[in-house]
Amino acid sequence: EAQVTQNPRYLITVTGKKLTVTCSQNMNHEYMSWYRQDPGLGLRQIYYSMNVEVTDKGDVPEGYKVSRKEKRNFPLILESPSPNQTSLYFCASRRAGGVAYEQYFGPGTRLTVT
Amino acid sequence: GEDVEQSLFLSVREGDSSVINCTYTDSSSTYLYWYKQEPGAGLQLLTYIFSNMDMKQDQRLTVLLNKKDKHLSLRIADTQTGDSAIYFCAETNPTDKLIFGTGTRLQVFP
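Right, let's walk through the structure included here. (Residues numbered from 1 in each chain as written. Chains lettered and ligands numbered in written order. Predicted model: local features only at pLDDT ≥ 70, side-chain atom pairs only at ≥ 80, totals over all residues. Heavy atoms only, no water.)

## Quick word on the layout of surface pockets
- Each pocket or cavity is described by its volume, and for the largest pocket that value is around 550 Å³.
- If you go around the largest pocket, you meet 29 residues; those closest to its centre are Gln37(A), Arg110(A), Gln37(B), Ile86(B) and Arg105(B).
- Secondary structure elements with two or more residues in the lining of the largest pocket: strand S4 (31-38) and strand S9 (87-94) of chain A together with strand S9 (85-92) and strand S11 (104-109) of chain B. (1 Å grid on protein atoms, 1.4 Å probe; cavity = no way out; pocket = protein on both sides within 12 Å on 5 of 7 lines; lining within 4 Å. Points joined across faces, edges and corners; volume = space filled by probe spheres on them. Helix = DSSP H or I, 4+ residues; strand = E, 2+ residues; numbered from the N terminus.)

Dropping the structure here:
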């Protein structure tokens with residue numbers, strides 16, 4: 001089954017404790033991205049990657065890092081989480097040259113930073 | 001810049017029609033989308049419309065696009081309790097970047 005998986009699905013952590021949210025897709029997609037969803041703001045793109053070792057900032061990249069060492073994985077790293085990063089996070093993927101309606105979304109990771 | 005706006009809440013009675021509205025600012029939009037997010041779940045693509053169309057119908061869903069006014073709407077006929085969710089409007093520009101609206105929470109009551 002074609003899917004995007006994220007782990008963990010729920011995470012409560014404390015300010016300053018580094019964490020990584022993993023994202024993996026099994027469709028051999030080149031393009032992957034991370035979004036955060038906040039009430040009244042919709043989804044905003046954090047980072048995206050066009051292919052292995054190619055990443056770029058989205059609209060709200062501050063406080064986040066990503067890496068793309070393998071095609072299937074695109075982890076989101078919070079080196080020093082702060083309470084304003086409490087949010088619902090979505091990973092997504094699609095093939096290069098595909099259009100947005102072909103994009104697959106993961107199930108989401110709800111992060112709380114205290 | 002690109003901006004997509006929606007009203008935050010809509011409440012309807014079961015069996016009535018729901019109309020969720022969206023306005024956008026980017027005149028170079030290529031596609032416009034409606035996504036559904038059920039409680040505790042991820043995003044599900046409901047439907048999309050190409051920017052040179054003005055209407056698309058898919059079973060209970062009707063999408064209307066007024067390109068002149070940059071207004072998109074989603075009509076759900078015979079709304080059911082299972083339609084209760086957050087609905088996001090989104091657009092893509094020529095670089096195929098997805099821009100999401102703020103989301104409309106639809107509540108269906110019996």
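## Details of the nonpolar core
- By size, the foremost hydrophobic cluster in this structure holds 20 residues, and its most contacted members are Trp34(B), Leu72(B), Leu74(B) and Tyr87(B).
- Among the secondary structure elements, those contributing two or more residues to this core are strand S3 (18-24), strand S4 (31-37), strand S7 (61-66), strand S8 (71-76), S9 and S11 of chain B.
- Excluding its chain neighbours within four sequence positions, the residues that come into contact with Tyr87(B) are Gln6(B), Ile20(B), Trp34(B), Tyr35(B), Lys36(B), Leu46(B), Leu74(B), Ile76(B), Gly103(B), Thr104(B) and Leu106(B).
- Formed by 19 residues, the second largest nonpolar core is a distinct cluster that contains Met32(A), Val60(A), Val66(A) and Cys91(A). (Core = buried A, V, L, I, M, F, W, Y, C linked by side-chain atoms within 4.5 Å. Buried < 20%, exposed > 50% of the residue type's maximum accessible area, 1.4 Å probe, protein only. Contact = heavy atoms within 4.5 Å.)

## As for the state of the cysteines
- This model, assessed by the stated rule, comprises two disulfides over all chains.
- Linked covalently through their sulfurs, Cys23(A) and Cys91(A) form a disulfide whose S-S length is 1.8 Å. The S-S bond linking Cys23(A) to Cys91(A) shows a torsion near -70°; that makes this disulfide left-handed. Residue Cys23(A) is found in strand S3 (residues 19-25), and its partner Cys91(A) is found in strand S9; the two are separated by 68 residues along the sequence.
- According to the relative accessible area criterion, Cys91(A) is buried, its value standing at 0%.
- Residue pairing for Cys22(B): its cysteine sulfur links by disulfide to Cys89(B), the two sulfurs lying 2.0 Å apart. An S-S torsion of about -60° defines the bridge between Cys22(B) and Cys89(B) as left-handed. Remark: Cys89(B) occurs in strand S9 and Cys22(B) occurs in strand S3; sequence separation between them is 67 residues. The residues Cys22(B) and Cys89(B) share a single accessibility class, namely buried. (Disulfide = S-S within 2.5 Å.)

## A few points about the pairing of S8(B)
Residues and elements named next belong to chain B.
- Examined bridge by bridge, S3 and S8 share six bridges and lie antiparallel to one another. Counterpart to cysteine 22 in the pairing with S8 is leucine 72.
- Note: S7 against S8, six bridges, orientation antiparallel. Across the sheet, residue leucine 61 finds its bridge partner in S8, namely isoleucine 76.
- Counted along the chain from S7 to the antiparallel partner S8, the turn is four residues long, and its residue lysine 70 has a positive phi close to 55°. (Pairing = 2+ DSSP bridges.)

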